[in-house]
Amino acid sequence: MHKVKDLLWVWLLPDIQRAIDRDEWIRHGGKWIIFDTKEKIEALAWGLEPLIDSGEINSAKYWNKDPSAINVYSLDRDKDRIWDILKNLGAGESRVWEYDYAMDKNMLRPFDFLYSWLSKFFKRLGIFTYVMPLLTWLPLAYAIYLSRDFLLQLTIDLPAIHT
């Protein structure tokens with residue numbers, strides 16, 4: 001197993017490239033995405049290394065910032081087995097399964113996809129979730145209020161239609 005680092009990700013790849021049926025991967029390939037601190041994600045990645053070498057897990061990558069996330073790749077028929085492995089290695093409950101080629105599914109059900117991601121994000125924020133609207137909307141509302149004279153000049157007078 002070797003690591004490949006780039007600006008955002010650390011890839012955990014097997015030393016020997018395995019043949020993957022591309023058609024099967026397009027239909028059934030996906031990943032567990034686990035969210036946690038960088039320290040816990042790196043510990044999880046360390047535990048995955050021998051499993052990637054043995055071929056039990058295809059590959060993984062983790063984000064090298066804090067908070068972090070790790071993507072563990074597998075086919076959907078193996079996702080429960082892979083989740084058991086991840087749980088035994090200490091993965092937390094803040095997780096989501098996503099298909100690699102899920103764009104069409106995400107487009108058909110955008111609110112499900114958005115809820116899936118946002119719920120994980122806000123769960124990590126904890127009590128800060130309730131403060132965040134004040135920190136984002138109040139400054140925006142105040143900026144709009146201060147520039148109201150300018151914004152009101154940008155009106156369009158439409159001709160009246162008499163019937």
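Structure report, in brief. Here, residues in each chain are numbered from 1, in the same order as that chain's written sequence. Confidence filtering applies because this is a predicted model: local features only for residues at pLDDT of at least 70, side-chain atom pairs given and counted only at 80 or more, and all residues used for totals across whole chains, interfaces and linings. The basis for the side-chain values is all heavy atoms of the structure; hydrogens and waters are excluded.

## Examining the overall build of the protein chain
Each helix is a run of H or I in the DSSP string that is no shorter than four residues. Each strand is a run of E no shorter than two, and both are numbered from the N terminus. On a plain count of helices and strands, the protein chain comes out with 7 helices and 6 strands. When the helices and strands of the protein chain are read in sequence order from the N terminus, they spell out β-β-α-β-α-β-β-α-β-α-α-α-α. We compute the radius of gyration from the C-alpha atoms alone; for a globule the expected value is 2.2 Å times N to the 0.38, where N is the number of residues. Against the 2.2 N^0.38 benchmark of 15 Å for 163 residues, the protein chain shows a C-alpha radius of gyration of 23 Å, more extended than a compact globule. Dimensions along the principal axes, computed over C-alpha positions, put the protein chain at roughly 75 × 40 × 30 Å. Each residue's exposure class comes from its accessible area (1.4 Å probe, protein chains only) as a fraction of the maximum for that residue type: buried when under 20%, exposed when over 50%, partly exposed otherwise. The buried share among the 163 residues of the protein chain stands at 29%. The contact rule is simple, with two residues in contact once any of their heavy atoms fall within 4.5 Å. In the protein chain, the proportion of contacts linking residues at least 24 apart, taken out of those at least 6 apart, comes to 66%. Accessibility throughout is a Shrake-Rupley quantity obtained with a 1.4 Å probe, and a residue counts as covered only by protein chains that appear here. Surface summary for the protein chain: the accessible area is close to 11,700 Å², and the carbon and sulfur share equals 63%. Once the 21 positive and 23 negative side-chain charges of the protein chain are each reduced to a mean point, those two points are 2 Å apart. The charged-residue count follows a simple rule in which Lys and Arg add positive charge and Asp and Glu add negative charge, with His and chain termini not counted at all. Positions of charges follow a simple convention, taking NZ of Lys, CZ of Arg, CG of Asp or CD of Glu.

## Some words on the pattern of salt bridges
What counts as a salt bridge is simple: a side-chain nitrogen of Lys or Arg found within 4 Å of a carboxyl oxygen of Asp or Glu. Summed over all chains, the structure comprises 8 salt bridges. E98 is the partner of K31 in a salt bridge, and the nearest nitrogen-oxygen pair spans 3.6 Å. Of the two residues, K31 is situated in strand β3 (residues 29-36) and E98 in strand β6 (residues 95-99); the sequence distance between them amounts to 67 residues. What makes K31 buried here is its relative accessible area of 9%. A salt bridge links D84 to K87, with the shortest nitrogen-to-oxygen separation between them at 4.0 Å. In this pair, D84 and K87 both sit in helix α3 (residues 79-88), 3 residues apart, roughly one turn of the helix.

## Focus: unusual backbone geometry
A cis amide bond links D66 to the next residue, P67, at an omega of 0°. Along the chain, the position of P67 falls in the loop between β4 (59-63) and β5 (68-75).

## Looking at the packing of aromatic side chains
Note on aromatic pairs: the rings of Phe, Tyr and Trp (six-membered ring only in Trp) are paired at centre separations within 6.5 Å, and the planes decide the class, stacked below 30 degrees, edge-to-face beyond 60, tilted for the rest. Within this structure, the stated rule accounts for 3 aromatic pairs. Measuring from centroid to centroid gives 5.4 Å for W32 and W83, while their planes differ by 40°, and the two rings are tilted. Of the two residues, W32 is situated in strand β3 and W83 in helix α3; the sequence distance between them amounts to 51 residues. Neither residue differs from the other here; W32 and W83 are each classed as buried. The buried category is assigned to W32, whose relative accessible area is 7%. Through a chain of ring-to-ring contacts, three or more aromatic side chains come together here, namely W32, W83, W97 and Y99. The rule is short: NZ of Lys or CZ of Arg within 6 Å of the ring centre and within 35 degrees of the ring normal puts a charge over the ring. Between the NZ or CZ atom of R95 and the centre of the ring of W83, over which it lies, the distance is 4.1 Å.

## Observations regarding the sheet that holds β5
What the 6 strands build is an open sheet, ordered β1-β2-β4-β5-β3-β6; its pairing is antiparallel. The two strands at the open ends of the sheet, each matched to only one other strand, are β1 (2-5) and β6. This sheet shows a mean twist of 20° between the axes of neighbouring strands, independent of strand direction. Two strands qualify as a pair provided that DSSP identifies no fewer than 2 bridges between them. Where β3 lies against β5, 8 bridges are found, and the strand directions are antiparallel. Directly across from I34, in β5, lies its bridge partner I70. Helix α2 (residues 38-54) rests against β1, β2 (9-13), β3, β4 and β5 of the sheet, and its axis sits at about 25° to β5. Angular values range over 0 to 180 degrees, each being the angle between N-to-C directions of two axes fitted as lines to C-alpha atoms, with helices fitted over their stretch in contact.

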